[in-house]
Amino acid sequence: MTLTIVGSQLGDEGKGALVDRWGGDADVVVRYQGGDNAGHTVVEGGAEYKLSLVPSGAVRGTVGILGNGCVVNPRTLFTEIDDLRERGLDPDVRVARRAHVIMPYHRVLDGIEEEVKADDDAGDEVGTTGRGIGPTYEDKAGRRGVRVADLLAPDVLREKLEYAVPQKRALVEDVYGLDLTDDDRAEAFDVDALHEEFTRIGERLADEEMTVNCSDYLYRRREAGDRILFEGAQGTHIDIDHGNYPFVTSSNPTAGGAVVGSGVGVTTVGDGEVVGIVKAYLSRVGSGPLPTELDGDAEEEALADEIREKGGEFGTVTGRPRRIGWLDLPMLRHAARVSGFTGVAVNHVDVLAGLDELKVCTGYELDGEEIDTVPTTTERWERCEPVFETLDTWDEFDSAAVAEDGYDALPEAARGYLEFVADEIDTPVYAVGVGPDREETVELTNPFDE
Ligand code: IMP
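Residues numbered from 1 in each chain as written. Predicted model: local features only at pLDDT ≥ 70, side-chain atom pairs only at ≥ 80, totals over all residues. Heavy atoms only, no water.

- Named according to an unreviewed UniProt entry, the protein is Adenylosuccinate synthetase originating from Halorubrum aidingense JCM 13560.
- Its UniProt record, at the heading Catalytic activity (unreviewed entry), says of the protein: "IMP + L-aspartate + GTP = N(6)-(1,2-dicarboxyethyl)-AMP + GDP + phosphate + 2 H(+)".
- Under the Subcellular location (unreviewed entry) heading, UniProt states for the protein: "Cytoplasm". (UniProt positions renumbered as here; feature names shortened; annotations may be inferred.)

Encoded structure:
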């Protein structure tokens, strides 16, 4: 049995809380794409854990795998593991030998490329997290990447670095015109220094028996009857294929990514449950359209500020304030179709309590026509005018009491909101998040029981 958890919007839907909750019923939790651009905040018994690479389930002692579809920054990985150990946890994290490694030069290049785009005033910078994600996937597709397995073989690693690094240096110096002399970024392009550091990283990975053949490992675990949870990072609308290109990340957060990014069969994921995580409103870090954004006038901006503060809408990885908008159903319809959701979990329902007005976007108007899904191009999406439906608001409620008493204890208008959304996207609600702690979730269906 597998459960795949996918972000339905633009990332930051609160996937961590659900992965952590349902991860307790899983034997293995697998991340299948992305890297340390993801930010999961897991709150457990009042303690807060901020993770960007270690799968959230690790906080609960479940085996966490970084699948072959991930890009792994080993410095981040070891820092997170060491921090968790210092806090008394003993995370069991394995890394696919086919996963690609984020090298220091990838991070430098991510920064330079964004700076260059920002300087030309065309507004085409993506607003990346600066973690080197795009440049690492570029090298993967360009067949010049360094894989985790290469860190275990110093000779192979040297060969790969000697091929790739001079190209990167030339890119920085000859294409971007930067002089690396006396620049502290130069170290990222020093083959010997890189070889030494990453060979040591390989030794630690080997000593701690952290690397796996992911496909084979998961096959054996499934044969043994174990339950697998696939943890998507980011969200559908920043998927490189199905998202808002070019304002996307460089991987596939949608459910198909779980198959390719871990080496399990498509029928395995398809036989299981696929749950979309939805935030009850929208937030976006970085550039790109957001048709329902609350930024029209001072009143809307004040409302966005209120939601941002209440919902803690500041980037986990970058600390950037997130842009805020009303829930957008065309975006959810697209997400439900692309990943084939069997259910959704709607988070942050508590954040919307006590508002004077509550709107949901049910469709868009574009060139005089009404459409119910997201256009394929950024240019068309940008021109969409949202069509809103105003729904009843609800008062503040006691999240802990609601979590304990169950769905019927939610205010009637909140249930009306959830049922409206479920109906519009033709997908049942499996869980409702009413607060940040794992306990503050109303569960209607545990997907592992389905
Ligand atoms: P990158 O993944 O760092 O290359 O960034 C590409 C785009 O994805 C930017 O708009 C980022 O803000 C966005 N992004 C990447 N990771 C996350 C995430 O975990 N949550 C929300 N947005 C993200």
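### So, the overall build of the protein
- Each helix and strand in the protein was counted, giving 15 helices and 20 strands.
- In summary, the protein has a C-alpha radius of gyration of 22 Å against a globular reference of 22 Å for 450 residues, a match within 12%.
- Viewed in the frame of its principal axes, the protein has a C-alpha envelope of about 65 × 55 × 40 Å.
- Considering only contacts within the protein whose residues lie at least 6 apart along the sequence, 75% involve residues at least 24 apart. (Helix = DSSP H or I, 4+ residues; strand = E, 2+ residues; numbered from the N terminus. Rg over C-alpha atoms; globule rule 2.2 N^0.38 Å. Contact = heavy atoms within 4.5 Å.)

### Observations concerning the packing of helix α3 (residues 104-119) against helix α6 (residues 154-175)
- At a closest axis distance of 11 Å, the pairing of α3 and α6 adopts a crossing angle of 20°. Taken together, the axes of α3 and α6 are roughly parallel relative to one another. Crossing of α3 against α6: the hand is left-handed. Between α3, through Tyr105, Leu109 and Ile112, and α6, the contact on the second element is made entirely by Leu161, Ala164, Val165, Lys168, Leu171 and Val172.
- Tallied by class, the residues present in the contact of α3 with α6 amount to eight nonpolar, no polar and one charged. (Axes fitted to C-alpha atoms, helices over the stretch in contact; angles between N-to-C directions. Parallel < 35°, antiparallel > 145°, perpendicular 65-115°, else oblique. Left-handed = near helix turned anticlockwise from the far one by under 90°. Nonpolar A, V, L, I, M, F, W, Y, C, P; charged D, E, K, R; others polar.)

### Details of a negative patch on the surface
- On the surface, a cluster of negative charge is contributed by Asp295, Asp297, Glu299, Glu301, Glu306, Asp356 and Glu357.
- For Asp297, the position within the fold is in the loop between β12 (282-284) and α11 (298-311).
- Residue classification places Asp297 among the partly exposed positions, given a relative accessible area of 41%. (Patch = residues over 30% accessible without salt bridge, like charges linked within 9 Å, V, L, I, M, F, W, Y side chains within 5 Å. Areas by Shrake-Rupley, 256 points an atom, 1.4 Å probe, with all protein chains shown as cover. Salt bridge = Lys/Arg side-chain N within 4 Å of Asp/Glu carboxyl O. Lys, Arg positive; Asp, Glu negative; His and termini not counted. Charge placed at Lys NZ, Arg CZ, Asp CG, Glu CD. Buried < 20%, exposed > 50% of the residue type's maximum accessible area, 1.4 Å probe, protein only.)

### Side note on the site of the ligand
- Residues in close proximity to the ligand total 17 residues, the closest being Asp12, Asn37, Thr129, Gln234 and Thr249.
- A distance of 2.6 Å separates an oxygen atom of the ligand from a polar atom in the side chain of Thr129.
- In isolation the ligand exposes 470 Å². Once the protein is present, 96% of that is buried.
- Residue classes in the shell around the ligand are distributed as seven nonpolar, eight polar and two charged.
- When residues are assigned to domains, the shell around the ligand turns out to be shared by domain 1 (2-95 + 213-273) and domain 2 (101-205), each giving three or more. (Near = heavy atom within 4 Å. Polar contact = N/O pair within 3.5 Å; in protein donor to acceptor, adjacent residues only side chain to side chain. Domains from an automatic or database assignment.)

### Some details on the sheet that holds strand β7 (residues 93-96)
- Overall, mixed pairing links the ten strands, which are arranged β9-β7-β5-β2-β10-β1-β11-β15-β19-β20 in an open sheet. The two strands at the open ends of the sheet, each matched to only one other strand, are β9 (211-212) and β20 (441-443).
- Relative to strand β10 (residues 228-231), strand β2 (residues 28-31) runs parallel, the two sharing four bridges. Across the sheet, Val28 pairs through a bridge with Ile228, a residue of β10. (Pairing = 2+ DSSP bridges.)

### Some words on the packing of aromatic side chains
- Here the structure, examined in full by the defined rule, presents two aromatic pairs.
- Plain terms: the ring middles of Tyr105 and Phe189 are 6.5 Å apart, the flat faces sit at 35° to each other, and that makes the pair tilted. You can see Tyr105 sitting in helix α3 and its partner Phe189 sitting in the loop between α6 and α7 (191-207), a full 84 residues away along the chain. The pair formed by Tyr105 and Phe189 is uniform in burial state, with each residue classed as buried.
- Positioned above the aromatic ring of Phe78, the side-chain terminus of Arg204 is 4.0 Å from the ring centre.
- Residue placement shows Lys359 over the ring face of Phe388; its charged tip is 4.8 Å from the ring centre. (Phe/Tyr/Trp six-rings, centres within 6.5 Å; stacked < 30°, edge-to-face > 60°. Lys NZ or Arg CZ within 6 Å of the ring centre and 35° of its normal.)

### A few points about the nonpolar core
- Counting 103 residues, the largest nonpolar core has Leu77, Tyr105 and Trp394 as its most contacted members.
- The element that contributes the greatest number of residues to this core is helix α15 (residues 412-425), accounting for eight residues.
- Ala26, Leu229, Ile277 and Ala431 belong to the second largest nonpolar core, which has 14 residues in total. (Core = buried A, V, L, I, M, F, W, Y, C linked by side-chain atoms within 4.5 Å.)

### Topic: the state of the cysteines
- Using the criterion set out here, one finds zero disulfides in the structure.
- Looking at the unpaired Cys361, the closest cysteine sulfur is the one in Cys384, lying at 8.6 Å.
- Assessed through its relative accessible area of 0%, Cys361 is described here as buried.
- Since its relative accessible area comes to 4%, Cys384 is described here as buried. (Disulfide = S-S within 2.5 Å.)

### Overview of unusual backbone geometry
- Between Tyr245 and the following residue, Pro246, the backbone shows a cis peptide bond with an omega angle of 5°.
- Turning to its location among the elements, Pro246 is positioned in the loop between β10 and α9 (256-260).
- Even without being glycine, Gln234 reaches a positive phi, approximately 55°.
- Within the secondary structure, Gln234 is located in the loop between β10 and α9.
- Judged by its relative accessible area of 9%, Gln234 is buried.
- Phi at Asp426 is positive, roughly 55°, even though this residue is not glycine.

### Quick look at α11
- End to end, α11 covers 20 Å across 14 residues, agreeing with the expected 20 Å (1.5 Å per residue, within 8%).
- Within α11 the residues assigned to the buried category are Leu303, Ala304, Ile307, Arg308 and Gly311. The buried residues of α11 all sit within an arc of 135° when viewed along its axis, so they share a single face. In α11, the exposed residues that point more than 90 degrees away from the buried face are Ala298, Glu299 and Glu309.
- The N-cap of α11, judged by a side-chain oxygen 3.2 Å from the amide nitrogen of Glu299 a few residues on, is Asp297. (Expected span 1.5 Å × (residues − 1). Arc of directions from axis to C-beta.)

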